[in-house]
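Each chain is listed here by its residues.
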Amino acid sequence: MAVIGFGYVGSCIAATLADRGFDVVGVDTDPRLIEELARGYCRFQEQGLADMIFRGVTTGRLRVTTDSAELASADVVLIAVGTPIREKGALADEQLRGACLELSRHLRQGQLVVLKSTVPPGTTRDVVLPLLEQSGLIGGVDFGLAFTPERLAEGTALAELRTFPIVAGGLEPDSTRDVAAFWHRVLGVEVIPLDSLESAEIVKLADNWWIDLNIALANELAKFCALYDVDVLDVIAAANTIPKGKGTVNILLPSVGVGGSCLTKDPWMVWRSARRRGVEILTAPAGREVNAGMPEYTAQLAIDELVKLGKNPATAKVAVLGLAFKNNTGDLRATPTRGVVETLVETGAQVRIFDPLVDVAHAEELFGITPAASLQEAVQDADCIAVLALHREFEDIDFAALPVARSCLLLDGRAYYSKEKIASLRRLGYLYQGIGRVGAPAAPDPHSYPVAPVSRLVEGPVAALYVESGS
Ligand SMILES: NC(=O)c1ccc[n+]([C@@H]2O[C@H](COP(=O)([O-])OP(=O)(O)OC[C@H]3O[C@@H](n4cnc5c(N)ncnc54)[C@H](O)[C@@H]3O)[C@@H](O)[C@H]2O)c1
């Protein structure tokens, strides 16, 4: 079998299939990626992935190449190239078109082509099929064509690949049957056959539309709880106890924001696809708007808490731990942490950044700040530590041993520290604050910046922030 696009998704799928004993060739247009792998470097920070890739390479079950001629030898060709969007949901389909055109040059009778990349409904039928048919072969007659969305989440991708049910929609019944049989054979997971390509395409969008909107609900609930000094995690845990539908109410967790390559684009695909057919979808953009506002909300939370502590946000030292878009990945695509850092830098804060999982050069380029080489360096004399992605590496931080300033604020953007942990942090002299969590009435440091009305505290760009937040 072959996988076109050896990116985050393609590499996880290819390595998993090779690990399960199948011969897999990964075809990618990026020669640097192939060169990195050849010298033993894996750019994807997904637990267990690098080991699995190199195990596959060593046993010869997995090969990665730029040579698309290799596609001819595969019985099944999976397409997992990137499908980003342009402004508000228009598919940037260059990667997809390139992959299909290349495949059409090597397509042969009897092959099954399976699209994994997320696309607006109708793309497999209207874009992929005609490009493949440039081969002279006919879809559904000479070759099979199906869409089976990839629904894994970074950070837990490999386990999910082996357990999540796979949704499968074919061009015609034979393709649906063949793709269902394929996934059942290679992964042994439940397969849910659907009536059409479009139904399978929409399933993926429905999942992410729901997730993004649900997180938006959690984020607004967090803001709501903060008004009453109520811990949003208590509210969510209790609210989630009543049965509803086939499960219970299931409000997800609030956070510094939603990032990555999927949740930030898929709701826009929904919105645009509907609009092109004359229907205005309201919930998808609403979820996007709420979640896109969370980085600034988080930065403002830090600024407000620093002021309460008697520290001047315009000169404060802030250490941001975790730059990736979520816990336990090194992926910086659309990371909400960038908006937090930008807002803090605009206030004048001295921001240091640290994330052991991200590519240092990429982080430097994205944030305009050279990442600290170590946790100790990042938090030296910090007035605020903002934990914005709680990677495993950060789970056991010994806060007592950190060389922070007195009355250091611990801002919890995605750590969800327990009440016991928060109490222990307070005993160590930290002030804790999280998204929708109950803040601490910590005593201001008597030697630090005098608490005064905000308008007197700040000048320049930071003043504008206060005006906005105060309205
Ligand atoms: N990353 C995720 O968590 C995730 C989860 C579920 C679904 N998806 C979807 O899966 C798809 C892939 O996402 P990703 O995160 O792996 O993207 P990615 O950008 O990490 O990988 C895409 C890869 O395709 C390669 N490529 C581009 N054009 C090519 C061509 N013509 N031929 C061969 N290779 C080509 C690129 O070089 C790159 O390595 C997207 O549609 C995405 O929405 C991603």
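Keep in mind that what you see is a predicted model, and the values were worked out from it rather than measured. (Residues numbered from 1 in each chain as written. Predicted model: local features only at pLDDT ≥ 70, side-chain atom pairs only at ≥ 80, totals over all residues. Heavy atoms only, no water.)

A. Unusual backbone geometry, seen in detail. Notably, N328 is not glycine yet its phi reads approximately 65°, a positive angle. Examined against the element boundaries, N328 turns out to sit in the loop between β11 (317–321) and α13 (337–347). Here the phi dihedral of A334 falls at roughly 50°; this positive angle occurs in a residue that is not glycine. Along the chain, A334 falls in the loop between β11 and α13. Taking relative accessible area as the criterion, A334 reaches 43% and is therefore assigned partly exposed. (Helix = DSSP H or I, 4+ residues; strand = E, 2+ residues; numbered from the N terminus. Buried < 20%, exposed > 50% of the residue type's maximum accessible area, 1.4 Å probe, protein only.)

B. Structural view of helix α11 (residues 283–292). When α11 is considered as a whole, its buried residues turn out to be A284, P285, G287, R288, V290 and N291. Buried residues along α11 sit against α8 (197–227), α10 (266–276) and α12 (294–308). (Contact = heavy atoms within 4.5 Å.)

C. Structural context of the sheet that holds strand β1 (residues 2–4). Spatial ordering of the open sheet is given by β3-β2-β1-β4-β5-β6-β7-β8, a layout of 8 strands whose pairing is mixed. Strands with a single pairing partner mark the edges of an open sheet, and in this sheet they are β3 (62–65) and β8 (191–194). Between one strand axis and the next, the sheet turns by 25° as a mean value, whatever way the strands run. In this fold α8 packs onto β6 (144–147), β7 (166–170) and β8, with an angle of close to 150° to the strand it touches most, β7. (Pairing = 2+ DSSP bridges. Axes fitted to C-alpha atoms, helices over the stretch in contact; angles between N-to-C directions.)

D. Local environment of the domain arrangement of the protein. What the domain assignment lists for the protein is domain 1 (2–195), domain 2 (204–292) and domain 3 (294–470). On a C-alpha basis, the centroid separation for the pair domain 1 and domain 2 is 29 Å. At the interface, 14 residues of domain 1 touch 10 residues of domain 2. Around 1,100 Å² of area is buried between domain 1 and domain 2 when both sides are counted, 69% of it from carbon and sulfur atoms. Of all residues in domain 1, I85, K88 and T118 give up the largest surface area on contact with domain 2, accounting jointly for 46% of the area buried on that side. At the junction of domain 1 and domain 2, the tally comes to 1 salt bridge. In the side of domain 1 that touches domain 2, the residues fall into 8 nonpolar, 3 polar and 3 charged. (Domains from an automatic or database assignment. Buried area = accessible area lost by both parts, 1.4 Å probe. Salt bridge = Lys/Arg side-chain N within 4 Å of Asp/Glu carboxyl O. Nonpolar A, V, L, I, M, F, W, Y, C, P; charged D, E, K, R; others polar.)

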